[in-house]
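Here are the chains, one letter per residue:
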Amino acid sequence: MAKRVVPEAGRRRRRPTKQGQVLSHGLIVETALRMLREHGAAGLTARRLGLALGADASTIYRYFRGMDDLILAIADELVGHAMADWRPTGDWRADLRELGLRIHHAYQAHPQAAVLTASRVTGRPNEVASDETILGILRGAGFANRDAVRIYHAFIDQSLGFAILDAATLALPTAAREADEEVWRDTYARLPAGTHPNIAATAPLLVARMNDSAYPAALDMLLSSAAAQLGK
């Protein structure tokens, strides 16, 4: 049975923790994000989180129903980071491009958390607000509801899909990541034209591009396709 979450007023500590902090929902989420960045998903446990906060592990369950509830809160926090201080310009294509890049950047700033959360659907305030915003941009641009939903679906799945892919690369141990990056130069760039003419012809371009994220290019392709449909 899921644990009952104590209302905010009832769970607030009257005294600081051993670390001199007053516990709150936000503090726990930010501490969990830091632990994920430093130790990965395996390092995020209630016991370790309690130690980092200077509180008993059981205290976490006064704020969250369980660790999965905390993971959903982290997911919503990352969306909040992406949307923070964003303001629309009135140019639907520029606005969606900026939002897409913000989402991608927010997840890349926390790669371990991105791998853990980008596939989740939370239904929480930041996620709901971002979905409302994106759909509003599309409908305001003149897309019919069916098309707005289709483009929204492609936009958000593309953003989160690249977020997971690129975050997984960043989350690799440094030696493994660097070894993967060197394959383009050490293997692909040395393949002979006689057996691999297409790779040989494009090898310098592959070496220059393939270790960078393709997300900006993919995002522009998606937006160009949508603009062509709209005739703008």
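Residues numbered from 1 in each chain as written. Predicted model: local features only at pLDDT ≥ 70, side-chain atom pairs only at ≥ 80, totals over all residues. Heavy atoms only, no water.

The name recorded for the protein in an unreviewed UniProt entry is TetR/AcrR family transcriptional regulator, from Nonomuraea antimicrobica.

Attention now goes to the overall build of the protein. Summing up its helical and strand segments, the protein has eleven helices and zero strands in all. What you see in the protein, going N to C, is helices and strands ordered as α-α-α-α-α-α-α-α-α-α-α. Considered along the principal axes of its C-alpha atoms, the protein spans approximately 70 × 50 × 30 Å. When burial is assessed residue by residue, the protein has 38% of its 232 residues classed as buried. Restricting to contacts in the protein with at least 6 residues of sequence separation, those with at least 24 account for 70%. Per element, the accessible surface of the protein, about 13,000 Å² overall, is 55% carbon and sulfur. (Helix = DSSP H or I, 4+ residues; strand = E, 2+ residues; numbered from the N terminus. Buried < 20%, exposed > 50% of the residue type's maximum accessible area, 1.4 Å probe, protein only. Contact = heavy atoms within 4.5 Å. Areas by Shrake-Rupley, 256 points an atom, 1.4 Å probe, with all protein chains shown as cover.)

Between its first and last C-alpha, helix α11 (residues 215-230) extends 22 Å over 16 residues, near the 22 Å set by a 1.5 Å rise per residue. For α11, every residue scored as buried is listed here: Tyr215, Ala218, Leu219, Leu222, Leu223, Ala226 and Ala227. On its buried side, α11 packs onto α5 (92-108) and α8 (145-170). Note on α11: the residue one or two positions beyond its end, glycine 231, has a positive phi of about 80°. (Expected span 1.5 Å × (residues − 1).)

Let us look at the packing of α8 against α11. Contact geometry of α8 with α11 gives a least axis separation of 10 Å together with a crossing angle of 175°. With respect to each other, α8 and α11 are oriented roughly antiparallel. Here Asp147, Arg150, Ile151, Ala154, Phe155, Gln158, Ser159, Phe162 and Asp166 of α8 lie close against α11, whose contacting residues are Tyr215, Ala218, Leu219, Leu222, Ala226 and Gln229. (Axes fitted to C-alpha atoms, helices over the stretch in contact; angles between N-to-C directions. Parallel < 35°, antiparallel > 145°, perpendicular 65-115°, else oblique.)

Under the criterion given, the structure shown has seven salt bridges. Residue glutamate 98 pairs with arginine 102 through a salt bridge whose shortest N-O separation is 3.1 Å. Of the two residues, glutamate 98 and arginine 102 both sit in helix α5, four residues apart, roughly one turn of that helix. Relative accessible area serves as the criterion here: at 36%, glutamate 98 is assigned to the partly exposed category. We classify arginine 102 as partly exposed; its relative accessible area is 22%. (Salt bridge = Lys/Arg side-chain N within 4 Å of Asp/Glu carboxyl O.)

Residues Glu178, Asp180, Glu181, Glu182 and Asp212 make up a contiguous surface patch of negative charge. Within the element layout of this structure, glutamate 182 appears in helix α9 (residues 174-186). Judged by its relative accessible area of 35%, glutamate 182 falls in the partly exposed class. (Patch = residues over 30% accessible without salt bridge, like charges linked within 9 Å, V, L, I, M, F, W, Y side chains within 5 Å. Lys, Arg positive; Asp, Glu negative; His and termini not counted. Charge placed at Lys NZ, Arg CZ, Asp CG, Glu CD.)

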